[in-house]
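Below, each chain spelled out in residue letters.
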Amino acid sequence: MSEHHEHTVLADDPRLKLVDRAMKRLQYQPDALIEVLHTAQESFGFLSRELLAHVAACLKLPESQVFGVATFYHFFTLRPKGEHSCIVCTGTACYVKGSGEIVHRLEKELQVRAGQTTADGKLSLGTARCLGNCSLAPMLTIDDQVFGPETPIGAETKVRQLLEGSDDKS
Amino acid sequence: MSAITLTLNEELVTARQGQTILEVAREHSIHIPTLCYLEGLEEMGGCRLCMVEVQGSARPVPACITKAQEGMVVATDSETITEYRRMIVELLLAERNHTCAVCVQNGSCELQTLAARLGVDHVRFDYLHQQLSMDASRERFALDHNRCVLCLRCVRTCDAVEGAHTWDVRGRGVTSRIVADLDRPWGESVSCTDCGKCVQLCPTGALFRKGATVGEMVKEREFLMRLLERRRAIQGRQS
Ligand code: SF4
Ligand code: SF4
Ligand code: FES
């Protein structure tokens, strides 16, 4: 069955590693589905089809059942909320090295609270507890790119550049 | 298996411990309308058409999932119950688009039969007029969401009998829909074996054989019990 799943889209993504670790920790128990989806939602900010297919294959669950659960609970979203997403790691290593300040600065300067999307729908800001790249602490992801060690100003600049870039295109 | 005695429509009947009210009623040729229930599939108690009154219970109970108990006094029909059942059918009719005149299942549809039997001649609720889609991407079969009553027979049979679990339900409440795999067109489903079991057991014209014209779709249900019996026999041989 697994040859039908497009795992390649996701390989090497630190956010995916977080999901994989959660599944491993829960010993790939099918009834851990909701917990795994929680981790996935928090790491990616939304649940893509590829991600759901990956979770279904790993937990040996029917895809339709995983899809049913993902669409039943309002906590889960299937589409990215903002055009872009920035997830700041707030795991222990990143936190100790100041990821709290990064989140704080982004929240203040970009007028968005962690877990939410800017009023213009351009950016979703999120936090995740350990994206598993502690050597890069404090680290974050912007869309599918990984950055770290990062500073509050550096993070803000990168996000602003991205948002302006997408303005130019439109 | 111990025997119990209960009162069913003012008659004393005996039943086996563990039987549901519906099973006992059927054994005694008492008709209770059902929609989501189908002998052989796991009961889910979803449609509530099988509600009956039990003395001492403030609310009606679904007969298909309520076990008969010693001394129970059950009434399978009353004015209130009939009224509730009518309302359920009317709500189902109002929620989607059941246009019998153009349906392949016209004449052998379980929803249509229920409505006729309960004397539903008009719908007191506003129709939602939802424009739902039709999935005709599979070669032999199609799914018209407009006619789906969410009985989940397709989901249950595909999971427990065929073992493919192609179908499940997306969303909740009025936005619920039957979905194949990750909400793919059915024709692109990788899990479906094309066995047709779901099509045969669907009570309405929601799942149908392509090419069938109005009123042409006659569903064959006997295979289910036959198959389950065969399976039990095979398991007996193996153990
Ligand atoms: S045709 Fe068979 S395998 Fe395919 S969805 Fe229906 S019951 Fe499942
Ligand atoms: S498609 Fe048919 S069998 Fe499946 S839930 Fe809808 S009405 Fe029931
Ligand atoms: S037949 Fe009992 S709830 Fe549907």
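From a predicted model like this one, the values you see are computed outputs, not experimental measurements.

Rules used throughout
- Residues numbered from 1 in each chain as written.
- Chains lettered and ligands numbered in written order.
- Predicted model: local features only at pLDDT ≥ 70, side-chain atom pairs only at ≥ 80, totals over all residues.
- Heavy atoms only, no water.
- Domains from an automatic or database assignment.
- Contact = heavy atoms within 4.5 Å.
- Buried area = accessible area lost by both parts, 1.4 Å probe.
- Salt bridge = Lys/Arg side-chain N within 4 Å of Asp/Glu carboxyl O.
- Polar contact = N/O pair within 3.5 Å; in protein donor to acceptor, adjacent residues only side chain to side chain.
- Helix = DSSP H or I, 4+ residues; strand = E, 2+ residues; numbered from the N terminus.
- Nonpolar A, V, L, I, M, F, W, Y, C, P; charged D, E, K, R; others polar.
- pLDDT = per-residue confidence, 0-100.
- Near = heavy atom within 4 Å.

Help me out: how do you make sense of the domain arrangement of chain A in this one?
One widely used convention gives an interface's size as the accessible area the parts lose upon coming together. All names here are of chain A. Partitioning chain A into structural domains gives domain 1 (2–72) and domain 2 (84–169). Inter-centroid distance (C-alpha atoms) of domain 1 to domain 2 is 23 Å. At the junction of the two partners, domain 1 supplies nine residues and domain 2 supplies 13 residues. With both chains or domains summed, domain 1 and domain 2 bury close to 730 Å², and 58% of this area falls on carbon and sulfur atoms. Per-residue buried area on domain 1 facing domain 2 is highest for P14, R15 and L18; these three make up 61% of the total on that side. If you look at where domain 1 meets domain 2, you find zero salt bridges. For the interface between domain 1 and domain 2, the tally reads two residue pairs in polar contact (both at pLDDT 80 or more). With four residues, the top contributor of residues to the side of domain 1 that touches domain 2 is helix α1 (residues 14–25). Residues that form the side of domain 1 that touches domain 2 fall into these classes: three nonpolar, two polar and four charged.

Quick question: what am I supposed to make of the confidence of the model for chain A here?
Residue and element names in this part refer to chain A. Confidence in the prediction for chain A averages 89 pLDDT; 91% of positions are at 70 or higher. Put simply, helix α7 (residues 152–169) is where chain A has its lowest mean pLDDT, 85, and helix α4 (residues 63–72) is where it has its highest, 97. When the criterion is pLDDT under 50, residues 1–8 qualifies, and its contacts beyond four places in sequence or with other chains add up to six contacts.

Help me understand the site of ligand 1, please; the structure alone is not making it clear to me.
Lining the immediate surroundings of ligand 1 are C158, E162, A164, T166, W167, W186, C192, T193, D194, C195, G196 and C198 of chain B. When the residues that make up the shell around ligand 1 are grouped by side-chain class, the tally is seven nonpolar, three polar and two charged.

Would you mind showing me how to read the interface of chain B and chain A here?
Listed by partner, the interface residues are 15 residues for chain B and 14 residues for chain A. With both sides pooled, the region where chain B packs onto chain A buries about 1200 Å², and carbon together with sulfur makes up 62% of that total. Together, R172, L182 and V190 of chain B form the three largest contributors to the area buried by chain B at its contact with chain A, with a combined 50%. Linking chain B with chain A are one salt bridge, by the criterion used here. Note that R184 of chain B is salt-bridged to E63 of chain A, the shortest N-O span being 2.9 Å. Remark: the boundary between chain B and chain A carries eight residue pairs in polar contact (both at pLDDT 80 or more).

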